[in-house]
Amino acid sequence: MKKVRGCGRLKLGELLEEFDGLDPEESLQTLIEMSQDLPELSPERAAEREDTRRLVKECQTPVYLWVDVVDGHAQLEAYVTERSPTVRGYVSMLVEGLSGVPATDVATVPEDLLGQLGLAETLGMTRRRGFTGLMRRIKREVAEQVAG
């Protein structure tokens, strides 16, 4: 399998390799299947699961995101309703693929991963903006915590 641009040694790179060689319909189905893997929020975060301060404003679908840096490693938690399986699958992939990686490695992840998933044209401009905004937010919050 080929190495995914910008994600080579990260767990996210391994997850993205699952999309290698798939046609857009198969890629979309794989992403939807990943929606089932989004971990439940921790008890303290579940109590505030729809906190508007955690809302990713670039996404049309409500995505609530918590980004922490613990001992130099990124930790992500997110809440997305099950009624939005495509967005939930994408968020699940990011949570699984970026949690536990060195915070400095998060900066190397490309902001627009839809092309690598083979879904840039299938999901369209609105989703591309939302997904890019989500990745930018993760990178920004990690960088702020590392610097602060």
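Rules behind the numbers
Residues numbered from 1 in each chain as written. Predicted model: local features only at pLDDT ≥ 70, side-chain atom pairs only at ≥ 80, totals over all residues. Heavy atoms only, no water. Buried < 20%, exposed > 50% of the residue type's maximum accessible area, 1.4 Å probe, protein only. Helix = DSSP H or I, 4+ residues; strand = E, 2+ residues; numbered from the N terminus. Pairing = 2+ DSSP bridges. pLDDT = per-residue confidence, 0-100. Contact = heavy atoms within 4.5 Å.

1. Details of the pairing of strand E2 (residues 73-80)
Judged by how many residues are buried, E2 sits mostly within the fold: six of eight residues are covered. With eight bridges connecting them, strand E1 (residues 63-70) and E2 associate as antiparallel partners. Across the sheet, the residue bridging to Trp66 is Glu77, located in E2. Two successive antiparallel strands, E1 and E2, enclose a turn made up of two residues, where Asp71 displays a positive phi of approximately 50 degrees.

2. Focus: the environment of Ser42
Following the sequence through the fold, Ser42 ends up in the loop between helix H2 (24-34) and helix H3 (43-46). Each C-alpha atom of the pair Ser42 and Cys59 lies 23 Å from the other, and the pair is 17 residues apart in sequence.

3. Concerning the confidence of the model for the chain
In the predicted model, the chain carries a mean pLDDT of 89, and 93% of its residues have values of at least 70. Confidence over residues 1-5 falls short of pLDDT 50; this stretch has 12 contacts with residues more than four positions distant or in other chains.

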